[in-house]
Amino acid sequence: MIGAPLHSGRLRLLALLFVAGWAICVYRLTDIQLLRSASYHEKARRQHLQEQVLQPRRGEILDREGRLLAVDRLLHTVGVHPKYVTDAAAVARGLTTLVGRTDEEWLAEIADHQGYFYAARRIYLLEEPPPSHELPGGLDITEAYRRTYPQRRMASSVLGYTGIDGVGLEGLELDYDNVLSGRAGRIVQQVDALGASIPGRDAAREEPVSGMDLRLTLDAVIQEVLEEELARGVESSEAAAGIAVALDPETGAILAMAGWPTFDPNAPDDVDPSQRRNRAITDPFEPGSVLKLVTFTAALDAGRYTPADTIDGGNGVIQVVGSEIRDVHAHGRMSLGEVLQFSSNVGTVKIARHVGENRLYRYARDFGFGQVTGLGLPGEASGVLRKLPDWYGPALESLSIGYGISVTALQIAAAYAAVANGGRLLQPWLVDAVRDEKGRWHSAGGTQVVRRVMHEETSLLLRGFLRDAVSGGTGKQARVPGLQIAGKTGTARKAGPSGYEAGQYISSFCGFLPADDPKFLLLVIVDEPANRYYASEVAAPIFASTIQRLICHPQNPLRGFQSSIHQVVERPAPVVPDLRRWPAAEAGKALNQRGLRMRFVGEGHTVLSQEPEPLSQVEEGVVVVLHLEAPGITESVSQVIVPDLRGRSLREAAAEASTLGLVLSVEGSGLVRNQNPRAGTLVNRGTDLRVVAGLNSGSGR
């Protein structure tokens, strides 16, 4: 009987432990199933379900005639789940059909992998993929979009580009990102214990909503011709850069906007970021004589002068505070129109002194200088127009001839458009309409009058002055036989950290036509021309060649004022476009549009080089030879022979180096004079090719 109490105590302890265990179990069950059931449910869902974002199709960007400038191309990623492959032969056949290679190679790949592997990522499939429910078990195909710019460099600084995630980073792509981007969808897919998705086991799917399309005021034909002529003009004058803007002066619609150098938005990282900016709105400069328009507007509009008045040219020199201002050619007494026609600085300064500071400043401000135009693109600069209390020294005289003020190209174009349209300053605009998901176009822009800056009678007088400046003044090189053109040249010295720099100029010409009923306006600016710098020799010829090509273009984008042509305009020689790195089919189409024949040399789908050289003027019917790159050659050859770049422009050198996979570094400007490594050296792709550039001996002024 002695052990009975001990036995009883053990039983009580066991019973207590048993009850405690049950209590813990009940508590845990209550906690899991009642108190924290939602949390555990979400954790289990995350472990067995995987959410995948479905990228929406980004909206298209079109020119005014519906030509594609930016579009999303559908790409596919193809993968294989060996664990779920039930018919390896069927999967291999599917891969061969969609991706390429052979069935045998794919069967070996499937056998070699235990887990999921990619057969191809973000590619264009060889054939349309079948619906997902028809795919053999284990074969997985997902969709993605890639932003492409079929016109390549055309209007690239205006369009901008997108990042790898499809988000707009520059230009219109950034400014209208919320319109173009659409709304992402999602798919929730079941996964196994290892995290691999289980094919065909979708739990939920929300379809993406495509972005809306943009229709621009740009005309692709005008843009292409303008870019080519600007590039040729910049290279022939060995300049640092060029800018051009074309407007419809009656509406303010931007028809073309170009800059040189430029870039391919399909590969924006291949160039220095400085080449991606839209120079027409981001680069302020002192304009020089093109700004004399403001002085003459103030003089005529305020009634301070009439066309019958004359001004003493002072034999080409006038004293200002602490200095003097000179004319290129000395003049005696001139009519008001002749002062502008011959671009007399002395005459303009005398007019400005009679107009007065207050009136000159007010007209400059009313023309929009010192303010952004309201276009809305990222990075637009306002320029600088100092307020009257900040004027000192020869501020009045400087402003009257286009110094002591900084402007953008778009501001200058808008100011001349006001003269062309009867005195109304219009807000430039670029986006004409937006197309919604139902295919309906909604107006997104239109003519907006900012203010009236002059009387209509004043604009008529100025048009006559500007017409005379082209027919018999400084703008003679802008003439095109058979057309009435009005315009003004400007040659301005460039300022540096310690004053105006010797030999550094900005040359410009702004003109419109026909002079009696303006329908088309074009501004051309050449920055730092090297071998000649007067605007009459540099910018005006670019204007003329552009107008001549547009008038004679098969699609005739300037057909709106054909009635102003009084005689047949001589058709200019065709220009061979830069087709290097273009797909062969598209290159052939571009040549056909210019009336040029072609011959392909070699095999492949991409143009490696061409003869004649890009931007060459040739006779109609000439045969352009396009050398094609053999498939896989560029990637497989690790060494190349260094070409001889001496005597070639930096643009040509850069293109040649890029084609061969060499990294070009440049010292100086102009034509290539020396290079290292030497021509004929065998080097690895990726080698640094250093070139030294300079001017032709004896060239320049």
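Definitions and cut-offs
- For every chain, the first residue of the written sequence is number 1, and numbering continues from 1 onward in sequence order.
- In keeping with the predicted nature of the model, local features appear solely for residues at pLDDT of at least 70, side-chain atom pairs appear and are counted solely at 80 or more, and the whole-chain, interface and lining totals rest on all residues.
- Values shown for side chains rest on all heavy atoms present in the structure; no hydrogens or waters enter the calculation.
- Under the DSSP-based scheme used, a helix requires at least four consecutive residues in state H or I and a strand at least two consecutive residues in state E, with every element numbered from the N terminus.
- Each residue is placed in one exposure class: buried if its accessible area under a 1.4 Å probe, protein chains only, is under 20% of its type's maximum, exposed if it is over 50%, and partly exposed if it falls in between.
- By definition, residues are in contact when any of their heavy atoms lie within 4.5 Å.
- Computed by Shrake-Rupley with a 1.4 Å probe, the accessible areas treat only the displayed protein chains as cover when residues are assessed.
- Here a polar contact is recorded for every N or O atom pair within 3.5 Å, except that within protein the pair must consist of a potential hydrogen donor and a potential acceptor, and residues adjacent in sequence are included only if both atoms are side-chain atoms.
- Between N-to-C directions, angles cover 0 to 180 degrees, with each direction set by a line fitted to C-alpha atoms, over the stretch in contact for helices.
- Left-handed describes a crossing in which the near helix is turned anticlockwise from the far one by less than a right angle; the clockwise case is right-handed.
- Put simply, Ala, Val, Leu, Ile, Met, Phe, Trp, Tyr, Cys and Pro go in the nonpolar bin, Asp, Glu, Lys and Arg in the charged bin, and everything else, Gly too, in the polar bin.
- Two strands pair under a simple rule: DSSP has to find at least two bridges between them.
- Each patch is built from salt-bridge-free residues with over 30% relative accessible area, joining like charges within 9 Å and nonpolar side chains (Val, Leu, Ile, Met, Phe, Trp, Tyr) within 5 Å.
- Salt bridge, as used here: a side-chain nitrogen of Lys or Arg that lies within 4 Å of a carboxyl oxygen of Asp or Glu.

Visitor: Is there a simple way to explain the overall build of the chain in this structure?
Guide: The helix and strand inventory of the chain stands at 20 helices and 29 strands. Counting only residues that meet the buried cut, the chain has 48% of its 701 residues in that class. Nonlocal contacts in the chain, meaning residues at least 24 apart in sequence, comprise 69% of its contacts between residues at least 6 apart. Working note: accessible area of the chain is about 33000 Å², and carbon and sulfur atoms make up 51% of it.

Visitor: Could you clarify how one ought to interpret helix H13 (residues 357–366) in this entry?
Guide: Since the α-helix advances by 3.6 residues per turn, residues separated by three or four positions end up pointing in the same direction. Every buried residue belonging to H13 is among Leu 360, Tyr 361, Tyr 363, Ala 364 and Asp 366, and all of these are buried. Those residues of H13 hidden inside the fold are in contact with helix H10 (292–301), helix H12 (345–355), helix H14 (395–400), strand S15 (424–426) and strand S18 (449–452). Among the residues trailing H13, Gly 368 stands out with phi positive, at a value near 100 degrees.

Visitor: In this structure, what is going on with the side chain of Ser 400? I would like to understand it.
Guide: Mapped onto the elements of the fold, Ser 400 is located in helix H14. For Ser 400, the side chain forms a polar contact with the main-chain oxygen of Glu 397, separated by 2.6 Å.

Visitor: Help me understand the packing of H10 against H13 in this model?
Guide: Geometrically, a packed helix pair is captured by the angle between its two axes and the distance between the axes. Between H10 and H13, the shortest axis-to-axis distance is 9 Å and the interhelical angle comes to 115 degrees. In this structure, H10 meets H13 at a crossing whose hand is right-handed. Along the contact surface, H10 presents Val 294, Thr 295, Thr 297, Ala 298 and Asp 301, while H13 presents Arg 359, Leu 360, Tyr 363 and Ala 364. Here the contact of H10 with H13 is built from residues that sort into five nonpolar, two polar and two charged.

Visitor: Hey, could you run me through the sheet that holds strand S10 (residues 254–260) in this one?
Guide: Two pairing modes exist for strands in a sheet, parallel and antiparallel, and in both the strands are linked by backbone hydrogen bonds. With respect to topology, five strands assemble into an open sheet ordered S10-S9-S21-S20-S19, the strand pairing being antiparallel. Each of the sheet's edge strands pairs with one partner strand only, and the pair in question is S10 and strand S19 (486–496). Neighbour to neighbour, the strand axes of the sheet diverge by 10 degrees on average, direction disregarded. Sheet topology note: the strand S9 (residues 241–247)/S10 ladder contains six bridges and is antiparallel. Each residue of the ladder has a partner; that of Leu 247, found in S10, is Ile 254. Where helix H16 (residues 456–472) meets the sheet, its contacts fall on S19 and strand S20 (499–513), and the angle it forms with S19 comes to roughly 75 degrees.

Visitor: Please explain the pairing of strand S5 (residues 139–148) as it appears in this structure.
Guide: For a regular strand, the rule is simple: side chains alternate between the two faces of the sheet. Among the 10 residues of S5, seven are classified as buried, and the element is accordingly described as predominantly covered. Both strand S3 (residues 68–80) and S5 contribute to a ladder of 10 bridges, which runs antiparallel. Bridged to Thr 77 within S5 is Thr 142.

Visitor: Explanation requested: a nonpolar patch on the surface in the structure shown.
Guide: The grouping of Leu 11, Leu 13, Leu 14, Leu 16 and Leu 17 at the surface amounts to a nonpolar patch, some 530 Å² of accessible area in total. The residue Leu 11 is located in helix H1 (residues 4–35) in this model. Look at Leu 11 and you get partly exposed, because its relative accessible area is 47%.

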